[in-house]
Amino acid sequence: MKTDQELATAITIESNGQTQLITGQPPELDWIGTGRSAFVFRIQGTDRVIKKFFPSHRHLAVLEGAIYEQLSSFSTYAKQYAYGADYLVIEYIEGQTLFDCLVNGTLIPRDVIRSVDQALADARSVGLNPSDIHLRNIMLTKDGTRIIDVARFRQTEPCSQWDDLKRGYDYFYCKSYFSKKLPEAFLNTVADIYKRRMFESHRNTG
């Protein structure tokens, strides 16, 4: 059987303008998702995934790999098995993102908020600055809350995203009249508006 490194190296990606194309994929891998900077593949028959970065973002592999090493003693974060010049091998986590929970109507208990608060405090305790904490990188699993995607945990500027989400949880989500199931299109629109406002705020204060 091929090693994780061999599998990761055998994945080939080409860029066509703004589009990223998978041009080579070992049969032992199943594609399970695409993010802003990488494709994600599950290694068949294992609890591991390979995050293969786009050519334009390959520099993030070493950065994120080093961050995962700093977080290795904290169980809320995904476990990392290895990393290389353009890939990570990390734990496959079964569950729903908080975004999925809102779309599917799955209740998000307050314990999730407390777990994320503690996880972010843990990251700060080892010199990191948790940033870009959003609904798609917090997961609700049968064993509790998990956090994935830590590439932006070394940003130096402050990030209010998690505090804003907590305010939304308290002011809206917890109210009895607030629907616990929301249309995906609505959530994407809210996220786009939020990103634009954050961009304008940083531009005006930068």
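Residues numbered from 1 in each chain as written. Predicted model: local features only at pLDDT ≥ 70, side-chain atom pairs only at ≥ 80, totals over all residues. Heavy atoms only, no water.

When helices and strands are tallied, the protein shows 6 helices and 10 strands. For the protein, whose C-alpha radius of gyration is 18 Å, the value lies close to the compact-globule estimate of 17 Å for 206 residues. Taking the principal axes of the C-alpha coordinates as reference, the protein spans close to 55 × 40 × 35 Å. Taken across its 206 residues, the protein has 39% of its residues classed as buried. (Helix = DSSP H or I, 4+ residues; strand = E, 2+ residues; numbered from the N terminus. Rg over C-alpha atoms; globule rule 2.2 N^0.38 Å. Buried < 20%, exposed > 50% of the residue type's maximum accessible area, 1.4 Å probe, protein only.)

On to the sheet that holds strand E3 (residues 29–34). Read from one edge of the open sheet, 5 strands run E3-E4-E5-E7-E6, paired in antiparallel fashion. The strands lining the two open edges of the sheet, one partner per strand, are E3 and strand E6 (80–83). Within the sheet, the average angular offset between the axes of one strand and its neighbour, ignoring direction, is 25°. Two elements, E3 and strand E4 (residues 38–43), share 5 bridges in a ladder whose sense is antiparallel. Bridge pairing links Thr34 to Phe39 in E4. Across the sheet, helix H2 (residues 59–70) touches strand E5 (48–53), E6 and strand E7 (87–91), and the angle it forms with E6 is around 150°. (Pairing = 2+ DSSP bridges. Axes fitted to C-alpha atoms, helices over the stretch in contact; angles between N-to-C directions. Contact = heavy atoms within 4.5 Å.)

Our focus in this paragraph is unusual backbone geometry. If a residue is not glycine, its phi is most likely negative; likewise, a peptide bond is most likely trans. In this structure, Asp132 takes a positive phi of about 60° despite not being glycine. Structurally, Asp132 is set in the loop between helix H4 (110–125) and strand E9 (138–141). Using a relative accessible area of 13% as the deciding quantity, one classes Asp132 as buried. Although it is not a glycine, Asp149 adopts a positive phi angle of roughly 65°. For Asp149, the position within the fold is in the loop between strand E10 (144–147) and helix H5 (161–173). Given a relative accessible area of 23%, Asp149 falls into the partly exposed group.

The next subject is the pairing of E4. Between the antiparallel neighbours E3 and E4 lie 3 residues. Two elements, E4 and E5, share 5 bridges in a ladder whose sense is antiparallel. Of the residues in E5, the one forming a bridge with Phe39 is Lys52. If you look at the hairpin formed by E4 and E5, you'll find 4 residues sitting between the two strands, and Gly45 has a positive phi there, around 75°.

This next bit is on the nonpolar core. Soluble globular proteins: nonpolar side chains tend toward being buried together. In this structure, Leu71, Tyr77, Ile108, Val116, Leu120 and Phe153 are the most contacted members of the largest nonpolar core, which totals 39 residues. Breaking this core down by element, the ones donating at least two residues are E5, H2, E7, helix H3 (98–104), H4, E9 and H5. For this core, the leading source of residues is H4, giving 6 residues. If we ignore the near neighbours within four places in the chain, the residues touching Tyr77 are Leu71, Glu91, Ala119, Leu120, Ala123, Arg146, Ile147, Val150 and Phe153. Listed in part, the 12 residues of the second largest apolar core include Phe41, Ile43, Ile50 and Tyr87. (Core = buried A, V, L, I, M, F, W, Y, C linked by side-chain atoms within 4.5 Å.)

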